[in-house]
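Breakdown of the fold
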Amino acid sequence: MPDYQMLANVTVTCLFLLPPLALGAMLAGRSRGNRFVLKWARALAIATLVLAVVYDLAGAVFLLRAEPRAGQPDWLPPPGAVNDPSFYLPIGVGAFLAALTILIGVGRARHRLG
């Protein structure tokens with residue numbers, strides 16, 4: 001497995017793990033009125049946002065690299081694109097939207113606490 005594919009897989013794993021942790025921290029901080037836990041929830045949501053944007057941008061770059069060049073037959077992959085990692089762009093978009101929702105929820109919880 002190429003190094004880029006392992007990095008993409010680790011990023012996807014983080015995108016699956018960080019939003020539930022941030023959601024749990026947000027709910028725990030909101031119910032107990034603990035600002036420190038809400039800070040952790042905000043940090044996890046921001047980390048998820050950054051990872052989702054980087055994951056989608058990297059996927060878009062590799063997708064653009066994989067387009068056939070002019071004069072190349074459509075059934076042959078472009079040179080160099082064969083070893084590119086596979087990205088699942090809807091995962092990044094979903095994680096971005098989930099993290100944005102959690103970030104809004106953290107802001108509302110902090111506002112409610114005063």
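So, how was this worked out
Residues numbered from 1 in each chain as written. Predicted model: local features only at pLDDT ≥ 70, side-chain atom pairs only at ≥ 80, totals over all residues. Heavy atoms only, no water. Helix = DSSP H or I, 4+ residues; strand = E, 2+ residues; numbered from the N terminus. Buried < 20%, exposed > 50% of the residue type's maximum accessible area, 1.4 Å probe, protein only. Contact = heavy atoms within 4.5 Å. Areas by Shrake-Rupley, 256 points an atom, 1.4 Å probe, with all protein chains shown as cover. Axes fitted to C-alpha atoms, helices over the stretch in contact; angles between N-to-C directions. Parallel < 35°, antiparallel > 145°, perpendicular 65-115°, else oblique. Left-handed = near helix turned anticlockwise from the far one by under 90°. Nonpolar A, V, L, I, M, F, W, Y, C, P; charged D, E, K, R; others polar. Expected span 1.5 Å × (residues − 1). Core = buried A, V, L, I, M, F, W, Y, C linked by side-chain atoms within 4.5 Å.

Time to look at the overall build of the protein chain. Counting secondary structure elements, the protein chain contains 3 helices and 0 strands. Ordered by position from the N terminus, the helices and strands of the protein chain form the series α-α-α. Looking at the protein chain as a whole, 31% of its 114 residues are labelled buried. Nonlocal contacts in the protein chain, meaning residues at least 24 apart in sequence, comprise 73% of its contacts between residues at least 6 apart. Carbon and sulfur atoms make up 70% of the accessible area of the protein chain, which amounts to about 7400 Å² in all.

Now for the packing of helix α2 (residues 35-65) against helix α3 (residues 89-113). Where α2 meets α3, the closest approach of the two axes is 8 Å, and the angle between their N-to-C directions is 155°. With respect to α3, the element α2 is oriented roughly antiparallel. The way α2 lies across α3 gives a crossing that is left-handed. Looking at the contact of α2 with α3 residue by residue, the class counts come to 21 nonpolar, 3 polar and 5 charged.

Another aspect to go through is helix α1 (residues 3-32). Across its 30 residues, α1 extends 43 Å between first and last C-alpha, which sits within 8% of the 44 Å expected from 1.5 Å per residue. Every buried residue belonging to α1 is among Gln5, Ala8, Thr11, Val12, Leu15, Leu18, Pro19, Ala22, Ala25, Met26 and Gly29, and all of these are buried. Where α1 is buried, its residues meet α2 and α3. In the segment just after α1, Gly33 is the residue with positive phi, at about 70°.

With that out of the way, let us pick up the nonpolar core. Membership of the largest hydrophobic core is limited to 11 residues, which are Leu18, Ala22, Ala25, Met26, Leu38, Ala41, Leu44, Ala45, Ile102, Val106 and Ala109. Put simply, the parts of the chain that give this core at least two residues each are α1, α2 and α3. The residues contacting Leu18, other than those within four sequence positions of it, are Leu44, Ala47, Thr48 and Leu51. If you look at the next biggest cluster of nonpolar residues, it comprises 8 residues, including Val12, Leu15, Tyr55 and Phe62.

Let us look at the side chain of Gln5. Counting through the fold element by element, Gln5 comes out in helix α1. Look past the residues within four positions of Gln5 in its chain and what remains in contact with it is Pro85 and Ser86.

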